[in-house]
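# Per-entry structural report
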Amino acid sequence: MSVNELFTQRTRVWIPDQQEVWKAAEITKDYKEGQTVLHLRLEDETTVEYPVGSGRNPLPFLRNPDILVGENDLTALSYLHEPAVLHNLRVRFLESNNIYTYCGIVLVAINPYEQLQIYGEEVIRAYSGQNMGDMDPHIFAVAEEAYKQMARDERNQSIIVSGESGAGKTVSAKYAMRFFATVGGSASDTNVEEKVLASSPIMEAIGNAKTTRNDNSSRFGKYIQISFSRQYNIIGANMRTYLLEKSRVVFQAEDERNYHIFYQLCASSTLAEFKDLGLTSAEDFTYTSLGENIFIEGVNDAADFIKTREAFTLLGVKESSQMSIFKVIASILHLGNVEICPDRDGESCHVSRTDVHLKHFCQLLGAELQQMEHWLCHRKLVTASETYVKNMSAKQALNARDALAKHIYARMFEWIVEHVNKALHTSAKQHSFIGVLDIYGFETFEINSFEQFCINYANEKLQQQFNSHVFKLEQEEYMKEQIPWTLIDFYDNQPCIDLIEARLGVLDLLDEECKMPKGTDQNWTQKLYKQHSNSAHFQKPRMSNTSFIINHFADKVEYQCDGFLEKNRDTVYEEQINILKASQFQLVADLFHDKDDAPASKSARVNVRAAKSTPKAPNKEHRMTVGHQFRSSLHLLMETLNATTPHYVRCIKPNDMKEAFSFDSKRVVQQLRACGVLENIRISAAGYPSSWTYLDFFSRYRVLMKKSDLMSSDKKLVCSNLLQTVVKEPDMFQFGKTKIFFRAGQVAYLEKLRADKFRVACIKIQKTVRGWLQRVRYVKIRKSVLLLQRYGRGYLARRYAKFLRLTKAALVCQKQYRMVKERRAFLRLRRAVVTIQAYTRGMYTRRIYWESKDYKAQNEQLKVINTTLESEMTRMQKELENTKNRKSNEDEVTSLQTELQRLRQQLEEAHALRKRMEEEHSTEKLSLTQTVEELQKENALLKSEKEEMNQRIQQQSKSSEEGRSVGVSLQTELENERQNYQNLLKQFSIVEQRYDNLKEEMSLKKFQPGHNRNLSNQSISEIDSNVPSISTSEVGDTEDALQLVEEMGVDSAAMDIQVFLKLQKRVRELERERTRLQSNLDKMQELSQSKSSEPRTSSKEEDAADLAYSNLKRQELESENKKLKNDLNELRKSIVDRASESSSANDLPDGYNIVLSQLKAASEELDARKEEVLILRTQLMSSTKLLEERKEPVKTEDTVIISNTEPADKEEALQAYHQLCEAKKLLEAQLQNQSKTHKDELEALHTQIELLKNDIEKKQEMLNYTMSLSPEAQVEYSVQHEITRLTNDNLDLKELVEKLEKNERKLKKQLKIYMKKVQELEAAQAASRSRPELSRQVTVQRKEKDFEGMLEYNNEDEALLTRMLITDMIPSKVSSTVPCLPGYILFMCIRHADYINDDGKVESLLTSTINAIKKVLKKNNEDFEMISFWLANTSRLLHCLKQYSGDEAFMTQNTPKQNEHCLKNFDLAEYRQVLSDLSIQIYQQLIKVAEGTIQPMIVSAMLESESIPSLAGVKPMGYRNRSSSMDTDCHSPSSYTLQALIRQLGQFYGIMQEHGLDPEIVGQVIRQLFHCINAHTLNNLLLRKDVCSWSTGMQLRYNTSQLEEWLRGNNLYQSKAAASLEPIIQAAQLLQVKKKTSQDAEAICSLCTALSLQQIVKILNLYTPLNEFEERVTVSFIRDIQNRLQERNDPAQLLIDTKHTYPVLFPYTPSALSLETLHIPAVLNIDFLVRV
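Quick caveat: nothing in here was measured; it's all calculated off a predicted structure.

Right, let's talk about empty space enclosed by the protein for a bit. One pass over the full model with this rule turns up 17 cavities of 30 Å³ or more. If you add up the space inside the largest cavity, you get close to 180 Å³. If you go around the largest cavity, you meet 18 residues; those closest to its centre are Ser162, Phe442, Asn459, Ala674 and Cys675. Those elements giving two or more residues to the lining of the largest cavity turn out to be β8 (157-163), α14 (450-481), β21 (645-652) and α23 (665-675). Its residues placed into classes, the lining of the largest cavity shows nine nonpolar, seven polar and two charged. Elements that contribute at least two residues to the lining of the second largest cavity include exactly α2 (82-95), α52 (1653-1662) and α53 (1675-1684). For the lining of the second largest cavity, the per-class residue count stands at seven nonpolar, four polar and four charged.

Grouped together as the largest cluster of nonpolar side chains are 319 residues, with contacts concentrated most on Phe180, Phe548 and Leu1581. In terms of nonpolar packing, the next biggest core, distinct from the first, is built from 19 residues, Met705, Val718, Leu722 and Val726 among them.

On to the packing of aromatic side chains. The way to describe two aromatic rings as a pair is by their centre distance and the angle between their planes. Scanning the entire structure with this criterion turns up 41 aromatic pairs. Considering the side-chain rings of Trp524 and Phe548, the 5.6 Å spacing of their centres and the 85 degrees angle between planes classify their relative orientation as edge-to-face. Here Trp524, found in helix α17 (residues 521-532), pairs with Phe548, found in strand β19 (residues 547-551); they are 24 residues apart in sequence, far enough to count as distant. Given a relative accessible area of 0%, Trp524 falls into the buried group.

Attention shifts here to the pattern of salt bridges. Considering all chains together, one arrives at 42 salt bridges under this definition. With a closest N to O distance of 3.5 Å, Asp153 and Arg152 form a salt bridge. For Asp511, the salt bridge identified is with Arg631, shortest N-O distance 3.8 Å. Taken together, the positions of Asp511 in helix α16 (residues 506-515) and Arg631 in helix α22 (residues 626-642) put the pair 120 residues apart, joining distant regions of the chain. Like Arg631, Asp511 is buried. Shared partners join several salt bridges into a network, and the residues in it are Glu121, Glu122, Arg125 and Asp1697.

On to α16. Among the ten residues of α16, seven are classified as buried, and the element is accordingly described as predominantly covered. Taken as a whole, α16 has its buried residues at Val506, Leu507, Leu509, Leu510, Asp511, Glu513 and Cys514. Residues of α16 that are buried in the fold lie against α14, α15 (494-501), α17, β19, α18 (564-569) and α22.

Turning next to the side chain of Glu460. Note that Glu460 resides in helix α14. This buried residue, Glu460, is left without a salt bridge; Lys461 holds the nearest opposite charge, at 9.8 Å. Sequence-distant contacts of Glu460, that is, excluding residues within four places in its chain, are made with Asn493, Cys496, Ile497, His552 and Phe553.

Overall, the prediction assigns the protein chain a mean pLDDT of 78, with 77% of residues at 70 or greater. Confidence, read as mean pLDDT per element, is least for helix α40 (residues 1332-1341) in the protein chain (32) and greatest for helix α7 (residues 260-267) (94). Every residue in residues 596-622 scores below 50 in pLDDT, and together they form 34 contacts with partners more than four places removed in sequence or on other chains. In the predicted structure, residues 1142-1152 sits below a pLDDT of 50 and forms 16 contacts with residues beyond four places in sequence or in another chain.

The antiparallel open sheet is built from three strands, whose spatial order is β18-β19-β20. Edge strands, defined here as strands with exactly one partner in the open sheet, are β18 (538-539) and β20 (556-560). The sheet strands contacting α17 are β18 and β19, and the helix crosses β19 at an angle near 40 degrees.

What follows concerns unusual backbone geometry. Phi angles above zero are rare outside glycine, and Glu45 is one such case at about 70 degrees. The residue Glu45 is located in the loop between β3 (37-42) and β4 (47-51) in this model. The residue Cys1380 is not glycine, and still its phi comes out positive at about 60 degrees. Tracing the backbone through its elements, the reader meets Cys1380 in the loop between α41 (1358-1367) and α42 (1381-1395). Judged by relative accessible area, Cys1380 falls into the buried class, the value being 6%.

Moving on: the sheet that holds strand β17 (residues 432-438). Spatially, the seven strands line up as an open sheet ordered β6-β7-β21-β8-β17-β11-β12, and their pairing is mixed. Each end of this open sheet is capped by a strand with a single partner; those strands are β6 (100-103) and β12 (234-242). Across the sheet, the mean angle from the axis of one strand to that of its neighbour is 20 degrees, orientation sign disregarded. Across seven bridges, the pairing between strand β11 (residues 221-228) and β17 is antiparallel. When the bridges of β17 are listed, Tyr223 appears paired with Leu437. Taken strand by strand, helix α4 (residues 139-153) contacts β6, β7 (106-110), β8, β11, β17 and β21, and its axis lies near 170 degrees from that of β21.

The rules we used
- Residues numbered from 1 in each chain as written.
- Predicted model: local features only at pLDDT ≥ 70, side-chain atom pairs only at ≥ 80, totals over all residues.
- Heavy atoms only, no water.
- 1 Å grid on protein atoms, 1.4 Å probe; cavity = no way out; pocket = protein on both sides within 12 Å on 5 of 7 lines; lining within 4 Å.
- Points joined across faces, edges and corners; volume = space filled by probe spheres on them.
- Helix = DSSP H or I, 4+ residues; strand = E, 2+ residues; numbered from the N terminus.
- Nonpolar A, V, L, I, M, F, W, Y, C, P; charged D, E, K, R; others polar.
- Core = buried A, V, L, I, M, F, W, Y, C linked by side-chain atoms within 4.5 Å.
- Buried < 20%, exposed > 50% of the residue type's maximum accessible area, 1.4 Å probe, protein only.
- Phe/Tyr/Trp six-rings, centres within 6.5 Å; stacked < 30°, edge-to-face > 60°.
- Salt bridge = Lys/Arg side-chain N within 4 Å of Asp/Glu carboxyl O.
- Contact = heavy atoms within 4.5 Å.
- Lys, Arg positive; Asp, Glu negative; His and termini not counted.
- pLDDT = per-residue confidence, 0-100.
- Pairing = 2+ DSSP bridges.
- Axes fitted to C-alpha atoms, helices over the stretch in contact; angles between N-to-C directions.

What follows is the structure, given as structure tokens:
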């Protein structure tokens, strides 16, 4: 492309800047080639004329499109240059708070100077198994890439971490090792990974120190080699160290510290075990106080020292060895405080004999005090013939002392590293390894010395290796894609390396000068000037003769020559070393002994005399200079790195102030140039830095294609045609096998074309929409005008019509007025005439009335006289007839008297009809009352007889064990009979009271004055009259009855008050009767239980007497029932007669028919009681036969006892007397209870009277109020009142139903308890019977007990049983049978072992069962179906042990038959606990297998697959998705879709359902799996920038809705599984909502309640627009969110714990299956089991 096409208006560029390095600008005018000025506008709206052209500035760098800004990989940028890289890092670091960024194969890590929550185990698990480009950049991604390539390529790996001091190298290396320790944990119990991690605090303590740039700067380089086995588990490690900064031991610059271990030891000097060290504060020692600040903010040295000691212990360093190490360290501090006093001559010095620190030094190291005192101030010179001892000056002695201190520390450092390696060493064979190199980066200071020279030399070597590796990978990519390529020219720093390490190089000349006796730094410098003055990489400073400049790959560095020779020699006097070799302490002696030397004798002394013998050659190691050692170790390191696949981590220090998230562009650019990142960018930009797959390119740039090309199936051809059309230069792109490669800037050009296409389309859409809006506006205005015209014309027409109407109305008013005037006159005249006529006619009428009144009175008197005469005449005639017929027969006289009586009655009816009716009703009521009293007396007599019969049954149960069972059955039947009879009495009482109520109602209606009620009132009264008949027989509480009466109203209460009172009394009597019978039953059961163990004393005579007594009572009951039946028939007949008479007079209501129907029902009930009596007779006869069969003699003793049991008259009389006394006491108690009851009833009546009075007053007030209303209001008020009353009645009925249900439940519970007691009695009887024929007889009587639900097996068949049911069991065998069949069979076997009381068999079977299940699960530990099958069977066996345990808590839902199957002899609670624990283990294994199955599917199905086609957009991708980072396995996660995930969940659910797993457990499993789906999806979303977009949010919301729909379809929505998806649902909504205004922020805060603040901010930071038309989330908006949610108490963890497990609950689920009905299929091959 030409310059004219690129530098056009609105194009954005970068221009240099002194402060910010690079500044953004926008071209305001098209640039033509040849112009000298470029017109720009800066971001602050200022305009600039930027000079360009030949001899001036070149054209500025072009900016990338906004869609590419913030990319994870710098190589994804279309324009690859320094300002683009710097801007991308700044945006990611400051706006998104992302500290990691890829740059090809390099991971750029910027130190945030803040603790971030991105290194937890959840993050490690999230990156484990992922490809390097799939997730956001992270140190864990690099570590995973190295681990994966080691396993896939069978090649060793290396991770090279470099950077300036304070850039975070040590932390990065530490986290990489933590990743390997977590992912590749040791397979055994050696905990090698913990030891690897434990080496870090030790090495930090002895090798790290505070510098001006970093509080924890590593002052040495280390290469940790982590060894792996064939299974890729950590088996060991090894550490190599490089160039320890020994000078820091004796010197620290201002605001710096010595190594951490010195301060840690001083901080812990107060401990008891360290009192002998003689340490105090670090300020008191020279070597720790030179920096003038012994503290680090936020660091606790004492706490760190505890961690250091713990790490020593974990690595196997003994306490004695630790104390020896601490003594050596303390001795160095004391050595630094040894004061060397100069002598007067200035050529010698001495140490005071009273120097405390020297004494401590010698004591701690076990050295001779005098010798050390001597050789600190003297040195020995050895010549060929003699040995001389020479004094040293004070300065020389101080240097020798410092050299000794450095040497001691270096030896101790090496000893610790050696022992750490021993602890990490393994005897197992190493299969492969991963090395982590933590080495210093390129350094340049104001004063650069020997240490900086070595460090920069090492970085030159590493940069050379880095350049060659990047070049190699670049070319491999092109060769793999089969595209033509040319050799890329890259910077080769081999000349600089040759300058340093070649023959006669800097190091070689330095070693040569060190060998010279009088070699100096100045002489060495002059040799460098002479030898390398012509080298392009070497320069001599203009103003100095004691320094030199080397042009490194990163920058020019000037080195000061002072101290080079001394540091390179590292001179230590041998005499001092020999003293330490002779130490009393073995560890100190070992520190200074060479490996080839034999250990020195403890009594060795230094001989200071002259010797003529040949001097001992110095140690080879002493002769080897520091530079030579460093060069050798560096060559060994490079050989190791070249033999591995390297991975690079470049740590960047963002600022020198150590401020959190502060970005200094100058410092960052300086480090980017130094660490090789820009060189990597340059190499990438020289080739084809951008690459697209054909499908991604087609999806992204399809808008530039023709319509005909879109229909083509050959995507490669379509892409080729497009590029040949839009890109004129063919060298700008290349077509590979799977990708299209572009030169730098081509993707930006394509993005520009795409944006222009969209811009044109947007303009067209805007034009069309604006035209449509104007058209709509015009149509709306036109419609409004027409509407206004219509309304205007209408208004004028209405106004004219109104005028016409007014005119007509005026005429009508005139006409009417005139008519009214004339009519009023006429009416006035007519009223006057009518009034006159009325008064006249009235006067004449009154006159006639008074005349007729006199005639009427006379007529009445005449009628009375005639009546009197008629009666006299009649009387006389009757007397005459009586006289004539007096002598006739008695029948005629009786008939005449009857006729006379009838005539008299007619006469009385004619005079006083109302009075006679009242007397008749009172007489009828009295007769009925007498009848009821007679019935009650008969009932009382019947009750007393029943009580006597009960007492007789009790005596019979006491006398005989066999008769006891008969008595119990009789007692039960009699109680049923008594209960039925009491129910009959209740119904009869109800009928009686209703009859009285109806009579009173009729009498009230008959004599009620006034008019009758209308039809609506009658219907309401009928409703009211029916209310009390619902529940009066059930109500037992007086207060409830009163409340019910009160709410029924005054009318109903007046009619039924007596019914309620009598019913209450009757209910109380029935309750007392029930209580008394219950107590009698309990006493009888207690007596029967106490007598069960006594010998049987029943006799034939007593049984016969009891049977006779039972027959007698039965006959009496029959007679009483007949009598009651006759009384009821008479009552019914009288009621029928009365009803017929009343019906003829139409005075009685239809209520009598109801009473008659109820009396008929009572009669039918009596018939039923009669049938029951017949049944009772039959049972008595059968029991009589049974007793006769049992009367055979058993033993002689029994016969003797029977013969001696003749009743004595005195004893019987005495017993009868006692019974009478007890009966008297009982009657007295009953009388007292009745008197108390009468008092309570009296009080209740008084209360009711008061309530009725109040109710009457309220009704009167209501009536008065109603009468005062209008007719319409009266109707409304009555309807409202009726609704209120019916509502209250409904509520009362509901409460009544609840009470009845409660009573029903209570009675059912009591019934179950009684049934259990009866079953226990039967079981006790069965156990007490020793004769086998009796048990057979029971079996014959109850056929349902033929199979008791037990399975019997022999002890030798136990192994076969467990093998057939457990070990060899296949779930498909029992798929068509009852679910959990093995569990049922095992329990039935346990039941039989319990039945025969064989505890050994029970214990053996349960133990073998549990062990066999564990064995099967261990063998099939990855089979979900098998695990689910045994989880269902184990839980079912556990439920059966609970259900049939006999505990009442587990028997509430059992059937009576199931209760019979309960365990009798053993309590298996302990085994229930063992099975419960086993079930939990199986459940956890099931969850683990299920999660392992769906975990590879989750991310692909939820985030990557297109559930909604063509919704996801495509963005330019970087260099990360190269072939070396991708797995080529056909089972790639990309093949999984949402439907595959749902099918897998459905398969799990179907398997669990088929195996009969409890629904609660199934719900918990599904909930756990949904938590796994949510956790992995959200974690990947939080760690992937490419999926944080609007389209992904839409896809994700659709996917979650599909999962929720699946839950609803399987009735699992209530299992809380849907709630576990809430975080990911809210994350999807967060991606979709607006993110611009404060209202949007408020909506997000209220929406995202399940997400933490960190997660919300992370998603907003990662949110990426898919095109340039979508806005990014601003930093201010994110800050607003943080301010609003800062009060939240969210956890510090960013990711969700994928290993979190919900607490599992195994709810008790009893089975409704009866064990005796269980069918065992023949396919199980367990024919050796016998059904019992």
